[in-house]
Amino acid sequence: MHGYVGQGDFLDCYSVTSDMSARDAAQVITAFPGWARGLLMVRRIVTAPFGLSQDGPEADDKLGPFPVELDTGKEVIAGFDDKHLNFRVSVYADSGRVSLATWVHPHNIGGRIYLAAILPFHILVARNALARVAKAEPLTTPA
């Protein structure tokens, strides 16, 4: 994920103890609880007039709305480039830990405003996602 980061970009990372594989953890992470799905519906309504992507681009391999860009077994990177910003999420699993990192590169003032507006919700969603990973049983045998 660090290969993406440039000046002015946002990057965060959270980690929990878990024996899940990266793919299984990513599936748990993108299985949003009802309150997070509600936030996504609000996002959909608010951003629709601006022409922002609602479901992500078409792809053969997706996790939730996010096209998978890389899957090495230990790491899954998903995300896409949009009009206002580029973003990727990385789920990395190794040695009994799962980490969730997010990278965002705003293109313009609209992207910076959008990032500032969603950041508190992003933190809640990311922390909740990893709490669910920590409590979940591995879906398959870790790679």
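The preceding data block contains the structure.
Residues numbered from 1 in each chain as written. Predicted model: local features only at pLDDT ≥ 70, side-chain atom pairs only at ≥ 80, totals over all residues. Heavy atoms only, no water.

(A) Geometry of the packing of aromatic side chains. For the structure shown, the criterion picks out two aromatic pairs. Look at F66 and F87: their rings are 5.4 Å apart centre to centre, the planes differ by 80°, and that puts the pair in the edge-to-face class. Here F87 lies in strand 5 (residues 85-94) and F66 lies in strand 3 (residues 66-71), a separation of 21 residues in the sequence. In terms of burial, F66 and F87 fall into one category: buried. Both rings, one in F80 and one in F87, keep their centres 5.0 Å apart while their planes meet at 70°; by these two values the pair is edge-to-face. For F80, a relative accessible area of 9% translates into the label buried. (Phe/Tyr/Trp six-rings, centres within 6.5 Å; stacked < 30°, edge-to-face > 60°. Helix = DSSP H or I, 4+ residues; strand = E, 2+ residues; numbered from the N terminus. Buried < 20%, exposed > 50% of the residue type's maximum accessible area, 1.4 Å probe, protein only.)

(B) Local environment of unusual backbone geometry. A positive phi angle, close to 50°, is found at S95, a residue other than glycine. Its location among the elements puts S95 in the loop between strand 5 and strand 6 (97-106). The class of S95 is exposed, set by a relative accessible area of 69%.

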